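Chain by chain, the residues run as shown.
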Amino acid sequence: ANDQELRVACFCEENCWRLLYRHLNSSSSASRWEYFAVFISNENRACPMFRQRASEATDYVCWDYHVVVLRRPRDDGIGTERTEILDVDTRVGYPTSLESYLAGSFPHASSPDVNASCLPSFRAVPARDYLALFYSNRGHMVGGDG
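Here we summarise the structure given alongside this text. (Residues numbered from 1 in each chain as written. Predicted model: local features only at pLDDT ≥ 70, side-chain atom pairs only at ≥ 80, totals over all residues. Heavy atoms only, no water.)

Examining helix α1 (residues 12-24)
The cut-off we apply is this: Secondary structure elements follow DSSP: runs of H or I no shorter than four residues count as helices, runs of E no shorter than two count as strands, and numbering proceeds from the N terminus. The span you would expect from a helix comes to 1.5 Å times its residue count less one. Only protein chains enter the accessibility calculation, which uses a 1.4 Å probe; a residue whose area is less than 20% of its type maximum is buried, one above 50% is exposed, and one in between is partly exposed. Throughout, a residue-residue contact means that at least one pair of heavy atoms, one from each residue, lies within 4.5 Å.
The end-to-end C-alpha distance of α1, which contains 13 residues, comes to 18 Å, matching closely the 18 Å that a straight helix rising 1.5 Å per residue would cover. Those residues of α1 lying buried are Cys12, Glu13, Glu14, Asn15, Cys16, Leu19, Leu20, His23 and Leu24. If you follow the buried residues of α1, they end up packed against α2 (27-32), β1 (33-41), β4 (66-73), β5 (84-86) and α4 (127-133).

Brief notes about empty space enclosed by the protein
Short version of the rule: Here the term cavity refers to a set of points on a 1 Å grid, laid over the protein atoms alone, in which a 1.4 Å probe fits but cannot get out; the term pocket refers to an open set having protein on both sides within 12 Å along at least five of seven lines, with lining residues being those that place an atom within 4 Å of a point. Grid points are joined across faces, edges and corners, and a volume is the space filled by probe spheres set on the points. Think of it as three bins: nonpolar holds Ala, Val, Leu, Ile, Met, Phe, Trp, Tyr, Cys and Pro, charged holds Asp, Glu, Lys and Arg, and polar takes everything else, Gly as well.
Using the criterion set out here, one finds one cavity of 30 Å³ or more in the structure. Lining the largest cavity, in full, are Cys12, Asn15, Cys16, Leu19, Val67, Val68, Val69, Leu86, Asp87, Val88 and Asp89. Elements with a contribution of two residues or more to the lining of the largest cavity: α1 and β4. Looking at which element gives the most residues to the lining of the largest cavity, the answer is α1, with four residues. Considering only residue class, the lining of the largest cavity consists of eight nonpolar, one polar and two charged.

Here we look at the sheet that holds strand β6 (residues 96-97)
Condition: Pairing between strands requires that DSSP locate at least two bridges from one strand to the other. Note on method: axes are straight lines fitted to C-alpha atoms, helices fitted across the in-contact stretch only, with angles between N-to-C directions ranging 0 to 180 degrees.
Read across the sheet, five strands follow the order β6-β5-β4-β1-β7 without closing on themselves; strand pairing throughout is antiparallel. Each edge of the open sheet carries a strand with a single partner, namely β6 and β7 (121-126). Here β1 runs beside β7; their pairing, made up of six bridges, is antiparallel. In the strand pairing of β7, Ile40 is matched with Phe122. Docked against the sheet, α1 engages β1, β4 and β5, running at close to 25° with respect to β4.

Brief notes about the pattern of salt bridges
In plain terms, the rule: Note on definitions: salt bridges are taken to be side-chain nitrogens of Lys or Arg within 4 Å of carboxyl oxygens of Asp or Glu.
Under the definition given, this model contains six salt bridges. The shortest N-O distance in the salt bridge between Glu34 and Arg72 comes to 2.9 Å. Placement of the pair is Glu34 in strand β1 and Arg72 in strand β4, with a sequence separation of 38 residues. Residue Asp64 is joined to Arg45 by a salt bridge in which the shortest nitrogen-to-oxygen separation is 3.6 Å. Pair noted here: Asp64 is in the loop between β3 (60-63) and β4 and Arg45 is in the loop between β1 and β2 (47-50), with a separation of 19 residues, a long-range link. Its relative accessible area of 27% is what places Asp64 among the partly exposed residues. Through salt bridges with shared partners, one network takes in Arg71, Arg82 and Glu84.

Some remarks on the packing of aromatic side chains
This is how the line gets drawn: Within 6.5 Å between ring centres, the rings of Phe, Tyr and Trp (the latter by its six-membered ring) count as paired, and their orientation is classed by plane angle as stacked under 30 degrees, edge-to-face over 60, tilted in between.
Applying the stated criterion to the full structure yields five aromatic pairs. Ring-pair connections join several aromatic residues into one group, and the members of that group are Phe39, Tyr130 and Phe134.

Spatial relationships are all this shows, so hold off on functional conclusions.
Given below as structure tokens:
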């Protein structure tokens, strides 16, 4: 199966874990790339993202958070590789350059009229740390009534 066929809708952190595990255990990928899990959210926990598979192609979805894989080339002296995003939930492309991903997922961010509370924040975690320490109990999704 290719990376995108491993996708489980609405389980971005688990999808990210699977991608990292798969790529870090591939000798060609692990030697060429440095990997990170990137958490995307904002202080309101309502981050609008465009071109996500969970929405119509021209619409957006508001995630409380989203997790993607960022990979950047290891310094090989050639400099032909680019930093890429691997997000099995995006319509932007797979994989896609960091620049294309940001422009396609957050087109509102470049507007001078954007409400600052709608802007994304990012936190990168080294892949090995994410694989070793990540767990999900989905407790944040349970309401007060259980």
